Amino acid sequence: MFQIRIFLLAALMGLGLIGSAQAAPAVSGAVPTEVVVDVSAQTMAVYIDGSLFDVWPVSTARPGKITPRGKWSPNFLSKHHKSSRYNNAPMPFSIFYDGNFAIHGTNQISKLGSTASAGCVRLATENAEVLFNRVQKYGLKSFRVTVID
């Protein structure tokens, strides 16, 4: 059932039926790597060269916070980032894509699959490292972050 949902989301996005009416900065054209964060499912689908590579559990914004929806290319990378807003909380392998919002690793593995963050997209640190290394190798413009409901 879960894989069917990811397939349908990918098909709808490819047809432009979802994901294109966001107010966030649009990123167009083909990219070697795209992640699709599904906030309602608390998952990240990773596509490499157009093929589904993996689906990972994530944590997005807890109640009262927001994870912005839209499409972005990352702005910068920070391998050993610490939050300046949240008591130097570790944010390993951060990929910043919209101001202070980032995809990054977390040590709160038990919370993956549920809303728990202040707005960032958290995932297992080993998965964050895989993405970080790929963006570092191929460049910021080779990667797209898409966040949907």
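Before reading further, recall that the structure is shown in the block above.
Keep in mind the model is a prediction, meaning the values are calculated, not measured. Per chain, the residues get numbers from 1 upward, laid out in the order the sequence is written. It should be noted that, the model being predicted, local features are given only for residues of pLDDT at least 70 and side-chain atom pairs only at 80 or more, the latter also being counted only at that level, while totals for whole chains, interfaces and linings use all residues. As a convention, hydrogens and water are excluded, and side-chain values are obtained from all of the structure's heavy atoms.

Participant: Can you break down the sheet that holds strand S4 (residues 70-72) residue by residue, with the values?
Facilitator: At least two bridges found by DSSP between two strands is the condition for calling them paired. Under the scheme used here, helices are H or I runs from DSSP no shorter than 4 residues and strands are E runs no shorter than 2 residues, and both carry numbers assigned from the N terminus. The sheet built from five strands is open, its strands ordered S3-S2-S1-S9-S4 with mixed pairing. For this open sheet the edge positions go to strand S3 (51-57) and S4, each flanked by a neighbour on one side alone. Geometrically, the sheet is characterised by an average inter-axis angle of 15° between neighbouring strands, direction not taken into account. Here six bridges tie strand S1 (residues 33-38) to strand S9 (residues 143-148), and the two strands are oriented parallel to one another. By the bridge assignment for S9, Val36 is matched with Thr146. Angles shown run from 0 to 180 degrees and are taken between the N-to-C directions of axes, each axis being a line fitted to C-alpha atoms and, for helices, limited to the stretch in contact.

Participant: Tell me about the pairing of strand S2 (residues 43-48), residues and numbers included.
Facilitator: Burial of S2 is extensive: six of the six residues sit out of reach of the surface. Taken together, the six bridges between S1 and S2 define a ladder with antiparallel strand orientation. When the bridges of S2 are listed, Thr33 appears paired with Ile48. Linking two consecutive strands that pair antiparallel, namely S1 and S2, is a turn of four residues; a positive phi of about 55° is found at Gln42 within it. Direction of pairing for S2 relative to S3: antiparallel, over a ladder of six bridges. Considered in S3, the bridge of Val46 is made with Asp54. The loop that links S2 with its antiparallel partner S3 comprises two residues; one of these, Asp49, has a positive phi angle of about 50°. Any residue under 20% of the maximum accessible area for its type is buried, any over 50% is exposed, and the rest in between are partly exposed; the area is computed with a 1.4 Å probe on protein chains only.

Participant: Lay out the packing of aromatic side chains in plain terms, naming residues and giving numbers.
Facilitator: Each pair of aromatic rings taken from Phe, Tyr and Trp, with Trp reduced to its six-membered ring, is defined by centres within 6.5 Å and is described as stacked if the planes are under 30 degrees apart, edge-to-face if over 60, and tilted in the remaining cases. Going through the model one piece at a time under the given rule, you end up with three aromatic pairs. Between the aromatic rings of Trp72 and Tyr97, the centroid separation amounts to 5.0 Å while the plane-to-plane angle is 50°, which identifies the pairing as tilted. With a gap of 25 residues between them, Trp72 in strand S4 and Tyr97 in strand S6 (residues 90-98) connect regions that are remote in the sequence. Relative accessible area serves as the criterion here: at 1%, Tyr97 is assigned to the buried category. With a centroid separation of 4.4 Å and 10° between ring planes, the pair formed by Phe76 and Phe96 is classed as stacked.

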